[in-house]
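Coordinate analysis (summary)
Spelled out, the chains give:
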Amino acid sequence: MQSYNLIDQPWITCLMKDGSVREVGIHECLARAPDIAEITDPSPLIVVSLHRLLLAILHRNFGPENHATWGELWEKGHWDTRVVDAYLEEWRDRFDLLHPDRPFYQVPATEVEVRKLVPVSALSHYHLSDKTSWFNHQPGDGVCPHTLATAARLLIMRQAYSFCGWELGKLSDKVTPLLGRTALMMSGRTLAETLLLNLLRYDPEDAEPVIGTPEDAPIWEQDLPGRMEERPIRGYLDYLTWQNRRIWLEPPSDASYPMVLHAKIDFGVRPTDELAGMDPMLLWQTAKKADGAPYTSPEPREDKALWRDAHTLLASTEEVRPPRVRAWVGSLVARGVVPPEYHASMTGCVHLACRKEKKAESWRHERFPLPLRYLTDADLAESLDLSLGAAEDAAQVILAASWRLATVRLDPTGTRSPDRAEVDRLITGFPAQRLYWSRLEAPFHQFVLALPTDRDAALAQWRQTLWRTATRSFDEAAAGLEGSTDNLRATVAGRAALRSGLRKALAALDVSDHREETVTHGAI
């Protein structure tokens with residue numbers, strides 16, 4: 001009988017603290033977590049999904065039920081590996097990817113209603129359909145063999161990120177909460193610290209972190225779900241390992257060539273609960289429509305980086321519910337369990353999806369540094385909010401200056417009002433605002449680290465950075481115009497509008513006229 005047990009087989013790709021990269025099994029991943037810098041993969045969707053799997057195992061064995069229990073784990077820097085070993089050994093058969101009766105995260109082939117086998121690459125969101133021919137380097141039949149390790153990673157990702165019924169050719173309005181959203185985690189210096197920071201208080205009886213029941217357990221401890229089953233979510237562990245799809249991987253036909261070629265995919269268990277507001281990794285906002293779900297998670301924008309919303313991710317108001325890890329770690333800092341000087345990172349897996357067309361558009365992995373003092377110091381968080389607001393205001397000034405340049409370019413004499421469509425066309429091709437945002441991320445990281453140490457100096461440096469970046473981005477974009485008299489006149493008008501607008505936009509940060517006038521224009 002073929003076997004590929006994920007407890008021992010190497011399939012989780014890890015970046016070690018010494019800089020090397022290696023694949024490990026679940027046992028080694030949890031046992032050597034202090035020696036691992038982070039889990040890595042070209043797809044951030046897989047990274048998030050693997051963390052949810054490992055968190056389910058840790059929650060099942062260690063809770064923690066309160067701050068004190070969590071603090072003991074943090075002080076040790078690890079968990080009792082003997083407990084994990086005993087647990088994994090107890091459920092060893094359920095972690096076998098090729099088990100004939102209960103394959104991991106799957107159902108037997110006889111329990112999948114669809115008869116057609118599809119290429120195993122269909123598990124991934126970048127799978128090309130049979131009708132796609134451009135840039136398709138797969139064989140003519142669309143079958144691209146995957147190693148067992150790759151198939152396992154895609155399998156786990158697929159259960160966390162699935163579209164509704166359109167992708168299976170059947171009617172369904174259910175989608176996974178992470179789809180088309182930004183999943184957020186707190187990252188530490190090692191995998192052990194990352195997992196601990198995201199190991200929320202677990203007490204089903206007290207609805208922590210979500211409403212639970214005594215029957216809450218990971219999917220591998222539960223009975224095989226029935227076909228087209230609908231039921232309530234039993235708790236956080238059930239939710240973390242929820243089977244959105246009934247999947248079966250066809251075992252390799254040749255032991256000397258252990259590759260997966262095909263799979264069967266069908267609908268999985270349908271939750272009867274209201275999922276809005278449930279997932280602790282998402283930012284939630286109070287819904288504007290009273291007749292719908294009580295909470296909505298904002299969809300990310302392709303043109304907006306995660307760090308630009310740092311103040312929103314840290315805030316907690318009646319309208320905004322930040323990721324649960326923010327409140328949990330903040331309470332740990334407030335109680336002195338974790339020092340406020342600890343430097344973590346806010347990590348986001350941004351998944352852009354077109355729900356109307358039922359397809360993934362893109363995904364990206366982002367992170368920004370986060371000294372934990374921001375979680376408890378209201379004045380510090382307010383300064384961050386003010387600083388990011390100033391950055392957004394400066395971006396709007398760039399847009400207004402670009403508009404001024406375009407109108408003067410189209411009407412040098414000022415005797416007519418240019419057609420709006422013509423102005424929009426010129427602004428669309430004018431890259432000043434795009435240059436501005438692309439050059440601010442690295443300075444923002446430095447600013448976030450400096451602000452808790454010397455607030456006045458950090459704010460002064462940030463003011464100067466915004467001014468210089470805005471003016472230089474505008475000048476560089478304008479330098480791409482032809483050197484005609486009309487273009488020079490338009491550039492001068494746009495630059496004047498920019499400087500005037502920046503003085504007003506950055507007034508809240510007390511930018512001095514002297515500092516502004518010392519900034520020279522031209523190339524960086």
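Residues numbered from 1 in each chain as written. Predicted model: local features only at pLDDT ≥ 70, side-chain atom pairs only at ≥ 80, totals over all residues. Heavy atoms only, no water.

1. As for the nonpolar core
- Membership of the largest hydrophobic core comes to 145 residues, with the highest contact counts inside it found for Trp-11, Ile-26, Trp-79, Trp-220, Leu-249, Tyr-436 and Phe-444.
- When residues of this core are assigned to their parent elements, the largest contribution, 12 residues, is made by helix 10 (residues 378-410).
- What Ile-26 contacts, discounting residues up to four positions off in sequence, is Leu-6, Ile-7, Trp-11, Ile-12, Leu-53, Leu-54, Ile-57, Leu-88 and Phe-95. (Core = buried A, V, L, I, M, F, W, Y, C linked by side-chain atoms within 4.5 Å. Buried < 20%, exposed > 50% of the residue type's maximum accessible area, 1.4 Å probe, protein only. Helix = DSSP H or I, 4+ residues; strand = E, 2+ residues; numbered from the N terminus. Contact = heavy atoms within 4.5 Å.)

2. Some words on the confidence of the model for the chain
- In this model, the chain carries an average pLDDT of 87, and 89% of its residues clear a pLDDT of 70 or more.
- Scored below 50 in pLDDT, residues 127-138 makes eight contacts in the model with residues more than four places away or belonging to other chains.
- When the criterion is pLDDT under 50, residues 513-524 qualifies, and its contacts beyond four places in sequence or with other chains add up to 22 contacts. (pLDDT = per-residue confidence, 0-100.)

3. Some points on the sheet that holds strand 10 (residues 262-267)
- Within the open sheet, the three strands sit side by side as 4-10-8. Their pairing is antiparallel. Looking along the sheet, the strands with just one partner apiece sit at the ends: strand 4 (118-119) and strand 8 (245-249).
- Taken together, the five bridges between strand 8 and strand 10 define a ladder with antiparallel strand orientation. Counterpart to Ile-247 in the pairing with strand 10 is Ile-265. (Pairing = 2+ DSSP bridges.)

4. Digging into empty space enclosed by the protein
- Applying the stated criterion to the full structure yields four cavities of 30 Å³ or more.
- When its volume is computed, the largest cavity comes out at roughly 190 Å³.
- What lines the largest cavity is a set of 20 residues, among which Gln-159, Ala-160, Tyr-239, Trp-242 and Asn-244 lie closest to the centre.
- The set of elements that each furnish at least two residues to the lining of the largest cavity consists of helix 2 (44-62), helix 5 (148-160) and helix 7 (236-240).
- When the residues that make up the lining of the largest cavity are grouped by side-chain class, the tally is 13 nonpolar, five polar and two charged. (1 Å grid on protein atoms, 1.4 Å probe; cavity = no way out; pocket = protein on both sides within 12 Å on 5 of 7 lines; lining within 4 Å. Points joined across faces, edges and corners; volume = space filled by probe spheres on them. Nonpolar A, V, L, I, M, F, W, Y, C, P; charged D, E, K, R; others polar.)

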